[in-house]
Amino acid sequence: MATEQELQSLFNTLDTDQDGKVSSNELFLSPGLSAIISAETGTSPQELLAMYGDKDGSITFEDLKQVVEKAGNLE
């Protein structure tokens, strides 16, 4: 379970180009952080991007936050 601040920090770490989105490349460059995302969302990174990502294959912080809330893992 994560707080919104912890989730934002994780997102910012994954968003290496600081464009406000986490792309599939950014997500897979950090397997450890991808595992945390999977645990918090209850879905694999591939499923996360396929189900909730934008057309360009990336996910915003708001999208990620909604998925974590839906999974019941946001404090």
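Scoring rules and cut-offs
Residues numbered from 1 in each chain as written. Predicted model: local features only at pLDDT ≥ 70, side-chain atom pairs only at ≥ 80, totals over all residues. Heavy atoms only, no water. Helix = DSSP H or I, 4+ residues; strand = E, 2+ residues; numbered from the N terminus. Buried < 20%, exposed > 50% of the residue type's maximum accessible area, 1.4 Å probe, protein only. Arc of directions from axis to C-beta. Contact = heavy atoms within 4.5 Å. Core = buried A, V, L, I, M, F, W, Y, C linked by side-chain atoms within 4.5 Å.

Caption draft 1: Focus on unusual backbone geometry. Of note, the phi angle at Gln18 is positive, near 55 degrees, even though the residue is not glycine. Inspection of the secondary structure puts Gln18 in the loop between helix H1 (4–14) and strand E1 (21–23).

Caption draft 2: View of H1. Along H1, the residues that are buried comprise Leu7, Leu10, Phe11 and Leu14. Each buried residue of H1 lies within a common arc of 100 degrees when the element is viewed along its axis, so the set occupies one face. The inward-facing, buried residues of H1 contact E1, helix H2 (24–28), helix H3 (31–41), strand E2 (58–60) and helix H5 (61–70).

Caption draft 3: Examining the nonpolar core more closely. The biggest cluster of nonpolar side chains holds 16 residues, and the ones touching the most others in it are Leu14, Ile37 and Leu64. Among the secondary structure elements, those contributing two or more residues to this core are H1, H3, helix H4 (45–52) and H5. Here Leu14 is in contact with Val22, Glu26, Leu27, Ser30, Leu33 and Ile37, once residues within four sequence places are set aside.

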